Amino acid sequence: MRAVITKRRTAALLGLGALTLAACGTGTGTGSSDAGGADTGGTDSETTTSDRTEVGALSPRIVLAHEGGVTTLDSTDGATLGTAELEGYVRLNPAGDGRHVAVSASDAVTMYDTGLLVQGHGDHFHYYVQDPALTDLSVEAPHPGHVVPHGDRTAIFADGTGAITLIDPASLGDGQLEVLEQTATEAPHHGVAVPLADGGLLTTQGTEDARSTVQVLDADGELVAETDDCPGVHGEAAAQPTESGDVISLGCGNGSVIYRDGEFHKVAIEGDYQRSGNQKGHPDSPIVLADHKVEAEPAGGIERPTEIALIDTRDATMQTVDLGSPYWFRSLDRGPDGEALVLTYDGELNILDPETGEMLHEVPVTGEWTEPEQWQEAGPMMSVADGTAFVVDPAAQTLTMVDIASGETYRELELPVVPHEIQVATGTASGEYEIAPGRDEDAGDSEGHEEHDHGEDSEEHDHEGHDHEGHDHGEDA
């Protein structure tokens, strides 16, 4: 049974994704809430306005996980803004508010404040920056797994216990961690939970030895949909919703399964085995980008596919595109208009139309590379924010910024560390800056938001097939 700790509150500011500039007075405030099972004490997020600097626009901040901790860089010049020391292997996930990053380390998920602040004031917004810092807002999670933001909630899954903690990401900006629900699966396993817009919850069921069940619970915790036809369930992505509600795709060992219109729909495959254990969706696209593996027992334990899958959630079909070069679990992402992005061994960022599979741009971004033998080792990866693909080449210790719409490279930074994970924060949950509806376009243009210069204005692998079985930043893992 699900235990409701506190009632959900509506996010009033973060996540609107419509920002405009104007000048007037400033203000700040803090909130409080209950949070069973979570540390919700004060945090650096409560820094007073005297410790903040107001700016005309926010520049994305690049958060890198590396041996010894987390480092944050300014995307405009690569300057180091802050470093937090952490022991053990560190994972990064979006927290759901565009400002905080959920850091998985040891047996907890702790919120890292990137220092990008957005405050509403009537019909416009103000922007502030402060030093990034690791907060004391933490959720206990033995063997922390997937962290999945969706809608106005974020789900944290603990593989070691099966515990699921749902939080309100909008509360983080108030220096609080508001726990909305706490529940658990029937047994510990490497699973996932996805909050649904109607207050329900999609979650996996299984054990440490096997998992093939996906369930949907309504807002009252009642089972309303279930499938057992998803062996090795791993990798989830939210696609464009229908009038009936959310659409979620999940990877299985016998073809993906899609939750749509209150039911599960199986994607037909050729043969007995097809695995898409890493998936990326987009809220405005019915197509899900996924890896495409067809070898149940690959030679050497690692399959190196060159084909990617484009899963159409409207009719549960799939097309494949051969890129001519392999990729790995950190290679996949989506652009602001749903573009399918894939990093390949030949050093290229492939930007495709997800509906047709047509290649839009092929952009050289790294040297040639191969997948590391151990998934924890650093390899090429990317994060997408504000219309830009931030691509890391650990071997060269560089980061390249690519404008996704044009396919043009516009900046390269040298990195002070060798990272194994990346998240880019913009201060807004959407990751994009837009002119608010109804605003004068010329006025918006003069304020630097219409045609801004990006960055200035503004799964662990399993032991069966070397798939990403840890968590691919909240969507595939």
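Computed from a predicted structure; not experimentally measured.

**Student:** Would you explain the state of the cysteines in this entry?
**Tutor:** What we call a disulfide is simply a covalent bond connecting the sulfur atoms of a pair of cysteines. Using the criterion set out here, one finds 1 disulfide in the structure. Disulfide pairing is shown between Cys 230 and Cys 252; the S-S distance is 1.9 Å. Residues Cys 230 and Cys 252 are joined by a disulfide whose S-S torsion is about -90 degrees; by sign, that bridge is left-handed. In this pair, Cys 230 sits in the loop between strand 20 (223–227) and strand 21 (236–242) while Cys 252 sits in the loop between strand 22 (245–250) and strand 23 (257–260), placing the two residues 22 residues apart along the sequence.

**Student:** Sorry if this is basic, but what is going on with the sheet that holds strand 25 (residues 279–282) here?
**Tutor:** Within a sheet, each strand pairs with its neighbour through backbone hydrogen bonds, oriented either parallel or antiparallel. If you trace the 4 strands from one edge of the open sheet to the other, you get 25-26-27-28, paired in antiparallel fashion. The open sheet has two free edges, formed respectively by strand 25 and strand 28 (317–322), since each of these has just one partner strand. On average, adjacent strands in this sheet sit at an angle of 25 degrees to one another, irrespective of strand direction. Across 5 bridges, the pairing between strand 26 (residues 285–291) and strand 27 (residues 307–312) is antiparallel. Counted as the bridge partner of Leu 289 is Leu 310 from strand 27.

**Student:** Looking at this structure, how should I read the pairing of strand 27?
**Tutor:** A regular strand carries its side chains on alternate faces of the sheet. For strand 27, the buried fraction is high: 5 of the 6 residues fall into the buried class. Where strand 27 meets strand 28, 6 bridges bridge the pair, whose relative direction is antiparallel. Bridging across to strand 28, Ala 309 finds its partner in Thr 320. Linking strand 27 back to strand 28 in an antiparallel pair, the connection comprises 4 residues, with Ala 316 at a positive phi of about 55 degrees.

**Student:** Where do I start with the pairing of strand 34 (residues 388–393) in this structure?
**Tutor:** The buried count for strand 34 comes to 6 of 6 residues, which makes it a mostly enclosed element. Where strand 33 (residues 381–385) and strand 34 come together, 5 bridges link them in antiparallel fashion. Residue pairing across strands places Ala 385 opposite Thr 388, the latter belonging to strand 34. Hairpin connection from strand 33 to strand 34: 2 residues lie between these consecutive antiparallel strands, with Asp 386 at a positive phi of about 50 degrees. Strand direction decides the pairing type here: strand 34 and strand 35 (residues 398–403), joined by 6 bridges, are antiparallel. Counted as the bridge partner of Val 391 is Thr 400 from strand 35.

**Student:** Is there a simple way to explain the environment of Gly 347 in this structure?
**Tutor:** Among the secondary structure elements, Gly 347 is positioned in the loop between strand 30 (340–343) and strand 31 (348–352). In this structure Gly 347 comes out as buried when scored by relative accessible area, which is 2%. Put simply, Gly 347 and Pro 380 are 33 residues apart on the chain and 8.7 Å apart in space, counted from C-alpha to C-alpha. Contacts of Gly 347, omitting those with residues within four sequence positions, involve Val 363, Pro 364, Val 365, Thr 366, Gly 367 and Trp 369.

Parameters at a glance
- Residues numbered from 1 in each chain as written.
- Predicted model: local features only at pLDDT ≥ 70, side-chain atom pairs only at ≥ 80, totals over all residues.
- Heavy atoms only, no water.
- Disulfide = S-S within 2.5 Å.
- Helix = DSSP H or I, 4+ residues; strand = E, 2+ residues; numbered from the N terminus.
- Pairing = 2+ DSSP bridges.
- Axes fitted to C-alpha atoms, helices over the stretch in contact; angles between N-to-C directions.
- Buried < 20%, exposed > 50% of the residue type's maximum accessible area, 1.4 Å probe, protein only.
- Contact = heavy atoms within 4.5 Å.

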